[in-house]
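Single-letter residue listing:
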Amino acid sequence: MIADDDEKWLTAATAAVKQNAFYMQRAIDSNNLKDALKFSAQMLSELRTSKLAPHKYYELYIRAFNELGKLEIFFREETGRGCSIAELYELVQHAGNILPRLYLLCTIGSVYIKSKDVTATDILKDLVEMCRAVQHPLRGLFLRSYLTQVTRDKLPSIGSELEGDVDAHMNALEFVLQNFTEMNKLWVRMQHQGPSREKEKREKERNELRDLVGKNLHVLSQLDGVDLGIYRDTVLPRILEQVVNCKDELAQCYLMDCIIQVFPDDFHLQTLDVLLGACPQLQSSVDIKTVLSGLMERLSNYAASSVEALPNFLQVEAFSKFNYAIGKVVEAQVDLSASASVTLYLFLLKFTLHVYADRLDYVDQVLGSCVTQLSATGKLCDDKAAKQIITFLRAPLEKYNSVVTILKLTNYPRVMEYLDHETNKAMAIIIVQSILENSTHIATANEVDALFELTKSLIKDFDGIIDDEVDEEDFQEEQNSVARLVHMLYNDDPEEMYKIIFTVRKHILTGGPKRLPLTIPPLVFSALKLIRRVPSGDENPFGDDASATPKKILQLLNEAIEVLSDVSASDLALRLYLQCAQAANDCGLEAVAYEFFTKAYLLYEEEISDSKAQVTALHLIIGTLQRMRVFNVENRDTLTYKAQGYSTKLLKKPDQCRAVYECAHLFWADECENMKDGERVVLCLKRAQKIADAAQKMTTASRGTSSTGSVALYVELLNKYLYFLEKGNPQVTGDTIQSLAELIRSETKKVESGAGPFINSTLRYMEFQRQQDGGMSEKYQKIKMEWFE
Amino acid sequence: MNYLLGAFKPACNISITFSDGKNRKQVPMKKENGQTATVPLFHSQETISGKVCIEPYQGKKVEHNGVKVELLGQIEMYFDRGNFYDFTSLVRELDVPGEIYERKTYPFEFPTVEMPYETYNGVNVRLRYVLKVTIARGYAGSILEYQELVVRNYAPPPEINNSIKMEVGIEDCLHIEFEYNKSKYHLKDVILGKIYFLLVRIKMKNMDLEIRRRESTGAGANTHVETETLAKFELMDGTPVRGESIPVRLFLAPYDLTPTHRNINNKFSVKYYLNLVLVDEEDRRYFKQQEITLYRLKEDTSS
């Protein structure tokens, strides 16, 4: 509705402008000055309308503007024809209406300046003063904008063809400044025109007009001869005075940005304190962060683009000025939201990272300021602020690509403290990811300590916060990262590495039942790796308590693993014990290895109840035990005996059988002569066979048909016999094997067995070995079997 | 008909020419019928000289009781039409009674005539100077011919010319202070000034400066006062804020102004006023009127 009206008014006004422009042109063509003035004034009268919205008014203005261009040319020609320009200057002022009069005056004024009949200064002064008469914001803005437009290429400046003296130049400057001031006043005042319910719409419209005001600043920046001195002493203070005094959010925001964008970088740098000094004086609703960030971004780019500029940055102490200014702003704007203030610091940080990449102390200082600010607001709860903080904390990480650098920033963890748990964790993940991605080498215990302190939200649960809702998969992911992180920690020096491990352990142990199973293994393996590097225990020539010995490390691991068993991850604990036992074995620490085994057994007995788990565990125990060389006979016997005991106690017969025949290996170590007890091997195998028999009977009884399972057991046993035969166990005789083979044959005859391929390949193997040359075939010759014939 | 008309036609053609007619400046003057004619311009203390030429129409003779030329300064009140008051009356007898058969030329001269008042054409009053040639005849009635002339008198620039400065306002609503650079302006002068807004609580549409002419005629109970607005000059568009000052620059040249006349021959006065008018958004007008004195300054030789 209103828009329609608008359109209608515009159409009417445009038509009138066109018509009068036509008559004006005709008068110009016939050199009729009087009519030209008359019709131009009539045309300009259309601009007196109050009915148009700014953008419509702008359309109208542009039309009139184009026509005035013709008039300007006409005026110039007219003066060429001997018409006194002074007279013309008076003549146009006869117009009864102020607006046409002033448009014409500006037009002729620009011609006047060009003619050099008078000093440009006088005309400019006069024009800018006369324009005061239009107090209507919209019309005044456009009028003054016109004034800027027609005079901008005629302003006297040093070295221009129009008057060269400094005074004239300063006066031109004064002119632009004054016009700017007046325009800004009008612009600001615009918001108070009309009913308050349309305020929002008005502000929107007002925003559309901002470039009219901003153009003045642009002209200022283009003005020749505005050097740093003039800028610092005159231009900037005057502009800022206006900006601050207008007390208008929109204007302040826009103009500050304008200042930053239109004037050269080095000017900003040299006048930083002035510019920044204005910031705390702005209205509290002004989005200062955008303003400052614009400035910092510009200066960052400036620093990046020219190396020569960098000393200037140092010279003017740009950093401390910014830091101070932001502090002031935060102080001045009481209701500044946390996210806004964090954003401010974020930009300062970015700036610092850009310009003073090598000044960690500055970076730390920024963080410190941020902490101070945050301490006033307490923990951050709103999402936006949290996001900002993450970006904030990320910035140095991305810049230096090295967490080691970050760890030197003492304020970094302090900032993190103000995050809520979720955010803190997110940040910790980011840090860990960074390490993983960049393969950052973290080499000292202190750094590790700091790092874990930093990422503690990943490492441990916090009081009172229960992550029930945490997605299990995410959790795994997180902890995997932590585990990978643990693997990344490495130092060539075993002593330091020991300290690192010690530190890691300290932190990891705080992790709670959910984390430990995921984090302890990497610790253990990392430590085991170390053990291989350190000289074995007792040979330590220094006897230094603090120094790393395998014994100590293993001691440490023992405790760590013990924790695991407490959190019902006994399966894992058992495996780790066995790993450690092996390591102890390698280091020749019998007692320690025995201890580990004892623990593993204990776990097996007390904690592992699932039969399948038992089978697996037992096989592991047997496997590990088989490789232990460090034990004396007594210890070894004890352990072996126990393992055998466990084997026979397994729930299922086939499992028992398998475990028992595996135990046979415990009495036979290839490379170790004193560990070849052929008799006990065969004993074991025999016992296994008995169990297999029993299993066979049981299945036959229960199902009536033979299952493949027990036949397979026999075949497995056969394979074991063959193995020991090959290894040269004297107790393994051809007869035994033969009878077993017979048994298998009779069993397979009874039923069609699924174990056929297994049997066949075993037989084929035997056949093959028999036909080989050398010792092996000799051993096989002992086996006399009908099958082979 | 032609013949009949001829009977009422004057028997002769009378023309009046000035001796320096070619060089003398001519100024336009509005006649009673609304048309504009150009008329020679004189100043006080000038000598008015020229010739009166009487040319009887073909074959006619003019019988007369004497020929004279008069220089009259008259004040004419419109509400008292036809009643002239001559404040100046000079006579030159040109011929003794007799007959004129052919073209006859009489030179005349009024040396250094005192013409204290300017020609003025107002709403209710007219002050004019006229040369009147009379061919006196008995029963047929005299033959008359008039030649208007315009008199303008220059005044020296006033010795004292204070500015006009004044503070006016409506309590708690509008306070302004205005200043015009002079109180006495010549006719081609420019009024410079400033309007300061000390307090603005009303929304204004615009501010105009008007030049008003107040012509009062007659005296005592019969005084007629007529006020005209001769110029309406917009000074400001929109509402200013407190502390704003608006410039005034009004060129008087384009307006049809006369000097201020004070009590001319006890018949009339013409005074000029500057009227500052503020119009608010509800079209209410706030105004303040100040008298200014206008005078005619001796112009440059060029004009």
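Our structure's up above, just so we're on the same page.
Attention here is on the structure that accompanies the text. (Residues numbered from 1 in each chain as written. Chains lettered and ligands numbered in written order. Predicted model: local features only at pLDDT ≥ 70, side-chain atom pairs only at ≥ 80, totals over all residues. Heavy atoms only, no water.)

## Here's the deal with the overall build of chain A
And then number 1: Check the secondary structure of chain A and you find 39 helices and zero strands.
And then number 2: Here chain A has a C-alpha radius of gyration of 46 Å; the compact-globule value for 789 residues is 28 Å, and the former is much larger.
And then number 3: For chain A, the proportion of its 789 residues judged to be buried stands at 54%.
And then number 4: Long-range contacts, defined as pairs at least 24 residues apart, comprise 72% of the intrachain contacts of chain A with a sequence gap of at least 6.
And then number 5: In the form shown here, chain A has an accessible surface area of approximately 34700 Å², with 50% of it arising from carbon and sulfur atoms. (Helix = DSSP H or I, 4+ residues; strand = E, 2+ residues; numbered from the N terminus. Rg over C-alpha atoms; globule rule 2.2 N^0.38 Å. Buried < 20%, exposed > 50% of the residue type's maximum accessible area, 1.4 Å probe, protein only. Contact = heavy atoms within 4.5 Å. Areas by Shrake-Rupley, 256 points an atom, 1.4 Å probe, with all protein chains shown as cover.)

## Overview of the interface of chain B and chain A
And then number 1: Taken residue by residue, the interface counts 21 residues in chain B and 23 residues in chain A.
And then number 2: Applying the counting rule to chain B against chain A returns six salt bridges.
And then number 3: In this structure, R189(A) and E244(B) form a salt bridge, with 3.6 Å as the shortest nitrogen-oxygen distance.
And then number 4: At the surface where chain B touches chain A, the tally comes to 14 residue pairs in polar contact (both at pLDDT 80 or more).
And then number 5: Those elements giving two or more residues to the side of chain B that touches chain A turn out to be β18 (224-237) and β19 (245-251) of chain B. (Salt bridge = Lys/Arg side-chain N within 4 Å of Asp/Glu carboxyl O. Polar contact = N/O pair within 3.5 Å; in protein donor to acceptor, adjacent residues only side chain to side chain.)

## Focus: the packing of helix α31 (residues 590-606) of chain A against helix α32 (residues 611-627) of chain A
Residues and elements named next belong to chain A.
And then number 1: It is at 11 Å that the axes of α31 and α32 come closest, and there the two elements cross at 165°. With respect to α32, the axis of α31 lies roughly antiparallel. The interaxial crossing formed by α31 with α32 has left-handed handedness. Note on element contacts: α32 touches α31 through Q614, A617, L618, I621, T624 and L625, opposite F597, Y601 and Y604.
And then number 2: For the contact of α31 with α32, the residue count by class is seven nonpolar, two polar and no charged. (Axes fitted to C-alpha atoms, helices over the stretch in contact; angles between N-to-C directions. Parallel < 35°, antiparallel > 145°, perpendicular 65-115°, else oblique. Left-handed = near helix turned anticlockwise from the far one by under 90°. Nonpolar A, V, L, I, M, F, W, Y, C, P; charged D, E, K, R; others polar.)

## Focus on the pairing of strand β21 (residues 268-280) of chain B
All names here are of chain B.
And then number 1: For β21, a buried count of twelve out of 13 residues is recorded, marking the element as mostly surrounded by other parts of the structure.
And then number 2: Bridging between strand β17 (residues 204-217) and β21 involves 13 bridges; their strand directions are antiparallel. Following the sheet pairing, R212 is matched in β21 by Y273.
And then number 3: With antiparallel pairing between neighbouring strands as the criterion, strand β20 (residues 261-264) and β21 make up a hairpin whose turn holds three residues, including N265 at a positive phi of roughly 50°.
And then number 4: Connecting β21 to the next strand, strand β22 (residues 285-295), in antiparallel fashion are four residues, including D283 with a positive phi near 65°. (Pairing = 2+ DSSP bridges.)

## Considering the nonpolar core
And then number 1: Within the largest apolar cluster, 337 residues are counted, with the highest numbers of intra-cluster contacts made by I259(A), F313(A), F392(A), L554(A), I48(B) and F197(B).
And then number 2: Considering each element in turn, this core owes the most residues, eleven residues, to helix α5 (residues 98-115) of chain A.
And then number 3: Ranked by size, the runner-up nonpolar core spans five residues in total, among them V27(B), M29(B), V39(B) and L41(B). (Core = buried A, V, L, I, M, F, W, Y, C linked by side-chain atoms within 4.5 Å.)

## Structural notes on the sheet that holds strand β1 (residues 12-18) of chain B
All names here are of chain B.
And then number 1: The strand order β1-β4-β9 describes an open sheet built from three strands, whose pairing is antiparallel. Each edge of the open sheet is held by one strand with a lone partner, namely β1 and β9 (104-110). The mean inter-strand angle of the sheet, taken between neighbouring strand axes irrespective of direction, is 20°.
And then number 2: Bridge count for strand β4 (residues 48-56) against β9 is seven bridges, and the pairing is antiparallel. Considered in β9, the bridge of V52 is made with Y106.

## Comments concerning helix α10 (residues 210-222) of chain A
What sets the pattern is the α-helix's 3.6 residues per turn: residues three or four places apart point alike.
And then number 1: With 13 residues, α10(A) should reach 18 Å at 1.5 Å per residue; the first-to-last C-alpha distance of 19 Å fits that figure.
And then number 2: Buried residues of α10(A): L212(A), V213(A), G214(A), N216(A), L217(A), V219(A) and L220(A), and no others. (Expected span 1.5 Å × (residues − 1).)

## Structural notes on the packing of aromatic side chains
Residue and element names in this part refer to chain A.
And then number 1: Following the criterion strictly, the structure yields 30 aromatic pairs over all chains and no others.
And then number 2: Ring geometry for Y103 versus Y146: centroids 5.3 Å apart, planes at 55°, classification tilted. Of this pair, Y103 sits in helix α5 while Y146 sits in helix α7 (residues 137-151), and the two are 43 residues apart along the sequence.
And then number 3: On the basis of relative accessibility, which here comes to 1%, the residue Y103 falls in the buried class.
And then number 4: Accessibility expressed as a relative area gives 1% for Y146, which makes it buried.
And then number 5: Taken together, a centroid distance of 4.9 Å and an interplanar angle of 35° make the contact between Y231 and F267 tilted. With Y231 in helix α11 (residues 228-246) and F267 in helix α13 (residues 265-270), this residue pair connects regions lying 36 residues apart in the sequence.
And then number 6: By relative accessible area, Y231 is classed as buried at 0%.
And then number 7: Given a relative accessible area of 10%, F267 falls into the buried group.
And then number 8: By way of ring pairs, the aromatic residues Y57, Y58, Y61, F65, Y103, F142 and Y146 are connected into one cluster.
And then number 9: Positioned over the ring face of W9 is K51, at 3.9 Å from the centre of the ring. (Phe/Tyr/Trp six-rings, centres within 6.5 Å; stacked < 30°, edge-to-face > 60°. Lys NZ or Arg CZ within 6 Å of the ring centre and 35° of its normal.)

## Structural notes on the sheet that holds strand β16 (residues 190-200) of chain B
Residue and element names in this part refer to chain B.
And then number 1: Spatially, the four strands line up as an open sheet ordered β13-β14-β16-β19, and their pairing is antiparallel. Edge strands, defined here as strands with exactly one partner in the open sheet, are β13 (164-170) and β19. Adjacent strand axes in the sheet meet at a mean angle of 20°, parallel and antiparallel pairs treated alike.
And then number 2: Examined bridge by bridge, strand β14 (residues 174-180) and β16 share seven bridges and lie antiparallel to one another. The residue bridging E177 from the neighbouring strand is Y196, located in β16.

## Quick word on the pairing of β22(B)
Residue and element names in this part refer to chain B.
And then number 1: In this structure, strand β15 (residues 184-186) lies alongside β22, joined through three bridges in parallel fashion. Counterpart to H186 in the pairing with β22 is Y295.
And then number 2: Alignment of β21 against β22, held across eight bridges, turns out to be antiparallel. What sits directly across from N275, in β22, is Q289.

## Looking at a negative patch on the surface
And then number 1: Judged by side-chain charge, D471(A), E473(A), D474(A) and E477(A) come together as a negatively charged surface patch.
And then number 2: Mapping D474(A) onto the fold places it in helix α26 (residues 472-488). (Patch = residues over 30% accessible without salt bridge, like charges linked within 9 Å, V, L, I, M, F, W, Y side chains within 5 Å. Lys, Arg positive; Asp, Glu negative; His and termini not counted. Charge placed at Lys NZ, Arg CZ, Asp CG, Glu CD.)

## Thoughts on helix α2 (residues 33-45) of chain A
Residues and elements named next belong to chain A.
And then number 1: With 13 residues, α2 should cover 18 Å at 1.5 Å per step; its first-to-last C-alpha distance of 18 Å lies within 8% of that length.
And then number 2: Those residues of α2 that fall on the buried side of the exposure criterion are L33, A36, L37, F39, S40, A41, M43 and L44.
And then number 3: Regarding α2, its N-cap is N32, as a side-chain oxygen of that residue lies 3.3 Å from the backbone nitrogen of K34 further along.

## A few points about the side chain of E118(B)
All names here are of chain B.
And then number 1: Relative to the helices and strands, E118 resides in the loop between β9 and β10 (120-121).
And then number 2: At 2.7 Å, the side chain of E118 and the side chain of R296 are in polar contact.
And then number 3: Not counting residues up to four positions away in its chain, the partners in contact with E118 are L127, Y129, V151, R152, N153, P259, H261 and R296.

## Side note on the pattern of salt bridges
All names here are of chain A.
And then number 1: This model, assessed by the stated rule, comprises 45 salt bridges over all chains.
And then number 2: A salt bridge links E205 to K201; the shortest N-O distance between them is 3.8 Å. Placement of both E205 and K201 in helix α9 (residues 199-208) is noted, with a separation of four residues, approximately one turn of the helix.
And then number 3: Classification of E205 by relative accessible area gives buried; the value is 13%.

No statement about biological role is implied by the geometric values presented.
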